[in-house]
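# Examining the three-dimensional arrangement
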Amino acid sequence: MLFPDAAEEVRNSWRGQLDRSPADRDAVQNPKEALSRRTGRTNRRDAYSAADSPRVAGRVAAALEAGARPTGRSPSFDRFRDSVSECCDRVATNV
């Protein structure tokens, strides 16, 4: 939900369905259900399911590599990003 443009690339029917406001994404109750609800607005058959996760993750990874910035806020994502960065820094100094 932090990278709606990337997620919406998975299926054409998802385009324009995700929130792009600067809201706190950690406040979303049941994010998988919310994502499924939003992406299934026009066609429930095409709604997000767990089987879509690898494709969504791949699109988000590509977006991050291209310099995409998250929409909204997510303290949990910030902690994750910081811990990965710290891990990479430690590995780089030990090589």
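Each remark here, short or long, concerns the structure printed above.
Note that the coordinates shown come from a computational prediction; the quantities given were computed from them, not determined experimentally.

Right, let's get into the layout of surface pockets. Over the atoms rolls a probe the size of a water molecule, and in doing so it shows where empty space is left. Approximately 580 Å³ is the volume found for the largest pocket. Taken together, 22 residues make up the lining of the largest pocket; nearest its centre are M1, L2, F3, V60 and F77. Sorting the residues of the lining of the largest pocket by element identifies α2 (31–39), α3 (53–65) and α4 (75–94) as the ones contributing at least two each. Looking at the lining of the largest pocket residue by residue, the class counts come to 15 nonpolar, 3 polar and 4 charged.

Counted under the stated rule, the structure contains 10 salt bridges. Residue D5 is joined to R20 by a salt bridge in which the shortest nitrogen-to-oxygen separation is 2.6 Å. Note that D5 is positioned in helix α1 (residues 4–8) and R20 in the loop between α1 and α2, a separation of 15 residues in sequence. Notably, a salt bridge pairs E86 with R90, separated by 3.2 Å at the nearest N-O pair. One end of the pair is E86 and the other is R90, both in helix α4 and 4 residues apart, which spans about a single turn. Here R90 falls in the partly exposed class, since its relative accessible area comes to 48%. Look at the salt bridges and you will find they share partners, linking R11, R45, D46 and D52 into a network.

Under the counting rule described, the total for this entry stands at 2 aromatic pairs. Between F3 and F77, the aromatic rings sit 5.8 Å apart at their centres with planes inclined by 70°, giving edge-to-face as the arrangement. Here F3, found in the segment before α1, pairs with F77, found in helix α4; they are 74 residues apart in sequence, far enough to count as distant.

Each value, and the rule that gives it
Residues numbered from 1 in each chain as written. Predicted model: local features only at pLDDT ≥ 70, side-chain atom pairs only at ≥ 80, totals over all residues. Heavy atoms only, no water. 1 Å grid on protein atoms, 1.4 Å probe; cavity = no way out; pocket = protein on both sides within 12 Å on 5 of 7 lines; lining within 4 Å. Points joined across faces, edges and corners; volume = space filled by probe spheres on them. Helix = DSSP H or I, 4+ residues; strand = E, 2+ residues; numbered from the N terminus. Nonpolar A, V, L, I, M, F, W, Y, C, P; charged D, E, K, R; others polar. Salt bridge = Lys/Arg side-chain N within 4 Å of Asp/Glu carboxyl O. Buried < 20%, exposed > 50% of the residue type's maximum accessible area, 1.4 Å probe, protein only. Phe/Tyr/Trp six-rings, centres within 6.5 Å; stacked < 30°, edge-to-face > 60°.

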